[in-house]
Amino acid sequence: MKIRYLLLHAYGMGGTIRTVFTQANAMAAAGHEVHVVSVVRRADRPYFTLDSRVRLSDLADLRPGARPAVAAGSPLARLRAARAARIAAGPPRYVPRGESGYGAFDRRIEEAVISWLSGLGDGFLVTTRPALNLLSARFATGGVTRVGQEHMNLSVHQPDVRAAIAEWYPRLDAIAVLTFRDRADYRAVARRTRVTRIPNAVHSLRQVPSTCAAKIAVAAGRLRPQKGFDLLIPAFKRVVSEFPDWQLRIFGTGDRQRQLRELIEQHHLYNHVFLMGRTDRLDDELAKASLFVLSSRAEGLPMVMLEAMSHGLPVVSFDCPTGPADVLTDGKEGLLVPPGDVDALAAAMGKLMADEGLRAQYGDAALATVQAYSPEAVRDRWLELFRSLEP
Amino acid sequence: MKAHAELAQVWPRDGRLRLIGHLHGPRPAPGPAAHPAEGPAGETELVLLVALRGAPQGGQAPGVPGASTAAGGGSAPAARPGPLRYPVTLDGREFDAWLPVADLVPARLADPVTWDLWLAPPESAGGRPRLRVGRVLDDIRNKKSIMVFPGQRVSAGTLTAVVRPYYTIKDNLSVEVRAAEPGAAR
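Nothing here was measured: the structure is a model prediction, and the numbers come from that model. Here the residue index of a chain counts from 1 through its sequence in written order. Following the order in which they are written, the chains are lettered starting with A and the ligands numbered starting with 1. A pLDDT threshold of at least 70 governs which residues receive local features in this predicted model, and a stricter bar of 80 or more applies before side-chain atom pairs are shown or counted, although totals over entire chains, interfaces and linings include all residues.

### Overview of helix H12 (residues 342-353) of chain A
Residue and element names in this part refer to chain A.
Phase 1: Each helix is a run of DSSP H or I of at least 4 residues and each strand a run of E of at least 2, with the numbering of both proceeding from the N terminus. Multiplying 1.5 Å by the helix residue count minus one yields the expected span of that helix. Over its 12 residues, H12 extends 16 Å from the first C-alpha to the last, a length consistent with the 16 Å expected when each residue adds 1.5 Å.
Phase 2: Looking at H12, one finds that the buried residues are Val342, Leu345, Ala346, Ala348, Met349, Leu352 and Met353. Projected onto a plane normal to the axis of H12, the buried residues spread over an arc of 165 degrees and lie on a single side.
Phase 3: Contact between residues is assigned whenever the C-beta positions, reconstructed from backbone atoms, fall within 7 Å. In this fold, the buried residues of H12 make contact with strand E8 (216-220), helix H7 (229-240), strand E11 (291-294), strand E12 (315-318), strand E13 (334-337) and helix H13 (356-369). For every residue, the other C-beta atoms within 10 Å of its own C-beta are counted; 20 or more classify it as buried, 12 or fewer as exposed, and values in between as partly exposed. C-beta atoms are placed from the backbone. The arc refers to the directions leading from the helix axis to the C-beta atoms.

### Notes on the interface of chain B and chain A
Phase 1: Counting from both sides, the interface comprises 10 residues of chain B and, opposite them, 10 residues of chain A.
Phase 2: Contributions of two or more residues to the side of chain B that touches chain A are made by strand E1 (4-13) and helix H1 (143-146) of chain B.
Phase 3: Residue contributions to the side of chain B that touches chain A peak at 3 residues, all from E1 of chain B.
Phase 4: Grouping the amino acids of the side of chain B that touches chain A by side-chain chemistry returns 6 nonpolar, 2 polar and 2 charged. Ten residues, namely Ala, Val, Leu, Ile, Met, Phe, Trp, Tyr, Cys and Pro, are considered nonpolar, four, namely Asp, Glu, Lys and Arg, are considered charged, and the remaining ones, Gly among them, are considered polar.

### Points about the UniProt feature "domain: Glycosyl transferase family" (unreviewed entry) in chain A
Phase 1: Under the feature "domain: Glycosyl transferase family" (unreviewed entry), the UniProt entry names residues 215-366 of chain A.
Phase 2: As annotated, residues 215-366 of chain A has a helix share of 42% and a strand share of 18%, and its two end C-alpha atoms lie 19 Å apart. UniProt positions are given in the numbering used here, feature names are shortened, and annotations may be inferred rather than shown by experiment.

### A few points about the sheet that holds E11 of chain A
Residues and elements named next belong to chain A.
Phase 1: Strand order in the open sheet formed by 6 strands is E10-E9-E8-E11-E12-E13, and the pairing between neighbours is parallel. The sheet is open, and its two edges are formed by strand E10 (273-277) and E13, each paired on a single side. Direction aside, the axes of adjacent strands within the sheet are offset by 20 degrees on average.
Phase 2: Of the pairings in the sheet, the one linking E12 to E13 comprises 4 bridges and is parallel in character. Residue pairing across strands places Ser317 opposite Leu336, the latter belonging to E13. DSSP-based pairing: two strands are paired if at least 2 bridges between them are found. In this analysis, axes come from line fits to C-alpha atoms, helices being fitted only over the stretch in contact, and the angle between any two N-to-C directions falls in the range 0 to 180 degrees.

### With respect to the sheet that holds strand E5 (residues 145-149) of chain A
Residue and element names in this part refer to chain A.
Phase 1: On the basis of which strands lie adjacent, the open sheet formed by 7 strands has the order E3-E2-E1-E4-E5-E6-E7 and parallel pairing. Pairing within the sheet leaves two strands with one partner each, and these edge strands are strand E3 (55-61) and strand E7 (194-197). Strand-to-strand twist across the sheet, computed as the mean angle between neighbouring axes with direction ignored, equals 20 degrees.
Phase 2: Examined bridge by bridge, E5 and strand E6 (residues 174-177) share 3 bridges and lie parallel to one another. Bridge pairing in E6 places Val147 opposite Ala174.
Phase 3: On the sheet, helix H3 (residues 107-118) packs against strand E2 (33-41) and E3 and is oriented at approximately 140 degrees with respect to E3.
Phase 4: The strands touched by helix H14 (residues 375-389) are strand E4 (124-127), E5, E6 and E7; relative to E6, the strand with the most contacts, the crossing angle is about 170 degrees.

### Some thoughts on unusual backbone geometry
Phase 1: Here Pro321 of chain A and Thr322 of chain A are connected by a cis peptide whose omega angle stands at 0 degrees.
Phase 2: At His268 of chain A, a residue that is not glycine, the phi angle is positive and equals roughly 50 degrees.
Phase 3: Of note, the phi angle at Asp171 of chain B is positive, near 65 degrees, even though the residue is not glycine.
Phase 4: As for its placement among the helices and strands, Asp171 of chain B is situated in the loop between strand E9 (159-167) and strand E10 (173-179).
Phase 5: For Asp171 of chain B, a count of 20 C-beta atoms within 10 Å puts it in the buried group.

### Re H14 of chain A
For the α-helix, the turn length of 3.6 residues means that residues three or four positions removed from each other point alike.
All names here are of chain A.
Phase 1: Here H14 is 15 residues long and its end C-alpha atoms lie 21 Å apart, about the 21 Å a rise of 1.5 Å per residue gives.
Phase 2: Among all positions in H14, only Pro375, Val378, Arg379, Trp382 and Phe386 are buried. Considered in projection along H14, the buried side chains sweep an arc of 105 degrees and stay on one side of the axis. Residues of H14 that are exposed and angled more than 90 degrees away from the buried face: Glu376, Glu384, Arg387 and Ser388.
Phase 3: On its buried face, H14 is in contact with helix H1 (15-29) and E4.

### Observations regarding the packing of H3 of chain A against helix H4 (residues 130-139) of chain A
Residues and elements named next belong to chain A.
Phase 1: Put simply, H3 and H4 touch, their axes get as near as 9 Å, and they point 50 degrees apart. The angle between H3 and H4 places the two elements in the oblique class. Of the two elements, H3 crosses H4, and the hand of that crossing is right-handed. Residue-level inspection shows Val113, Ile114, Leu117 and Ser118 of H3 in contact with H4, the latter providing Leu135, Ser136 and Phe139.
Phase 2: Its residues placed into classes, the contact of H3 with H4 shows 5 nonpolar, 2 polar and no charged. Roughly parallel covers angles under 35 degrees, roughly antiparallel covers those over 145, roughly perpendicular covers 65 to 115, and oblique covers all other angles. Crossing handedness is defined as follows: a turn of the near helix away from the far one that is anticlockwise and smaller than a right angle gives a left-handed crossing, while the clockwise case is right-handed.

### Side note on the environment of Gly121 of chain A
Residue and element names in this part refer to chain A.
Phase 1: Looking at the secondary structure, you find Gly121 in the loop between H3 and E4.
Phase 2: Classification of Gly121 as exposed rests on a count of 9 C-beta atoms within 10 Å.
Phase 3: When the C-alpha atoms of Gly121 and Asn200 are compared, they prove to be 27 Å apart, with 79 residues separating the residues in sequence.
Phase 4: Those residues in contact with Gly121 that sit more than four places away from it in its chain are Gly142, Gly143 and Val144.

### Structural notes on the environment of Arg359 of chain A
Residues and elements named next belong to chain A.
Phase 1: Positionally, Arg359 belongs in helix H13.
Phase 2: The class of Arg359 is buried, set by 23 C-beta atoms lying within 10 Å.
Phase 3: Through-space distance from the C-alpha of Arg359 to that of Asp106 is 50 Å; in sequence the pair is 253 residues apart.
Phase 4: Discounting residues that sit within four places of it in the chain, Arg359 has contacts with Cys212, Ser290, Leu291, Pro314 and Leu352.

Right under this line is the structure:
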């Protein structure tokens with residue numbers, strides 16, 4: 001099978017990039033012909049590991065020094081070239097302004113994507129965010145089978161993006177979403193299109209299991225309001241006097257670091273809650289912990305939670321839209337508490353911090369549950385979708 | 001690994017800096033000038049020694065307030081004082097000590113000053129042998145940017161200083177004192 005994945009920036013380090021690489025690697029390992037295409041390129045090498053059998057290319061090389069030289073020639077030709085350059089550097093024509101990736105596009109880059117999409121005559125194309133799904137729906141009309149993957153809940157998109165989705169997603173051959181709630185939501189706006197739930201895979205299930213004995217709770221994600229660390233810190237404050245030898249380690253960077261630091265200082269938690277920054281070894285850090293906490297206000301499918309489960313960590317999570325309840329059963333792999341309820345989050349953490357046996361029991365169940373999210377299991381679900389769409 | 005005083009908790013609040021932890025490795029033997037424990041057992045075996053970085057360490061500068069007694073609460077030290085000493089409560093290998101952060105603010109503060117912290121026998125010459133106070137036994141590297149503590153504001157006359165403990169790049173604890181930025185509230 002010939003499978004192409006189109007990413008905005010395959011050379012970056014976001015969660016979407018990682019999960020697409022995991023998919024691509026699993027497909028290549030099964031002998032399929034896989035091509036990852038990056039709309040823009042800002043680095044020499046991808047951050048995540050791509051199987052050597054996967055072809056990687058880009059449509060717009062934005063590395064320093066990679067821009068084409070200005071055309072020489074007659075004054076009129078230079079004038080024309082300057083005008084064309086002005087238009088090329090102008091805003092994109094089809095990508096909605098409310099798409100969070102809008103800023104990465106200009107007219108020239110959008111044209112490069114359209115030109116590439118128009119030339120695809122066979123195989124499968126998986127696009128990975130609204131801007132690319134919309135361009136695929138409009139312009140990849142030459143015979144390729146098109147699957148638009150949505151990593152976000154519909155309600156999270158801006159109104160102009162939602163309107164474009166309602167108009168153009170029905171032209172896609174299929175929409176792949178991550179959660180049950182997303183499946184229902186996207187079905188409602190694209191009634192004639194097939195909407196399939198295929199969760200993302202964790203990058204590996206061969207992980208060092210946690211002993212669940214260390215007095216370390218861990219959380220991870222961008223330091224942004226969405227992740228709710230401003231709720232997690234006060235929740236930890238409520239349990240720290242009962243569990244003074246426990247630590248909470250929060251991994252990630254983001255523009256709320258200063259506010260979170262102030263919250264830690266205000267609650268005098270500087271001996272117990274640590275903003276760990278970015279790590280290249282999250283696997284090792286998860287293996288050292290005994291409890292994973294998800295305090296998000298909203299999620300797609302929380303990959304870091306699945307990664308934590310792959311280390312046999314029990315989970316305490318807000319039952320936020322949309323991911324956690326898809327994966328977790330309250331009282332099986334961990335505890336689900338009402339979204340935004342700081343007291344309930346604290347009580348759930350306290351329950352697990354007090355009981356090593358319960359942590360181990362939930363952790364074992366987490367490891368069993370996460371098997372459904374292995375690269376191989378998820379690859380098989382994609383293959384099933386592709387086969388059902390084959391012309 | 002060299003013997004040192006391993007921190008578990010650092011509490012910069014209420015005008016004090018309190019340090020809680022345990023002794024790691026052999027305890028420093030009292031120097032030749034040492035006499036037997038003077039107070040209740042376990043209270044004068046070690047003192048918290050706080051020394052201005054770059055200041056002479058050979059002995060105490062006579063007449064420096066706060067440096068001549070183990071009890072804290074002295075006024076601001078003069079320029080280039082000897083080390084300050086504070087009592088340490090020892091319970092087995094566990095230690096607990098505090099000092100008033102106002103002691104660390106010099107009379108004039110053009111440039112930031114840095115204090116380093118040790119535990120040492122009370123009468124040892126120049127505070128040697130001594131145990132550096134730090135946190136090196138856990139798995140967290142780069143504590144300087146991860147285990148970060150708030151500063152406390154201290155006003156003395158027209159001077160307002162911010163006293164902030166921090167981990168050095170070697171994960172030892174030091175205290176920085178710098179003039180507060182005008183208008184910066186905490």
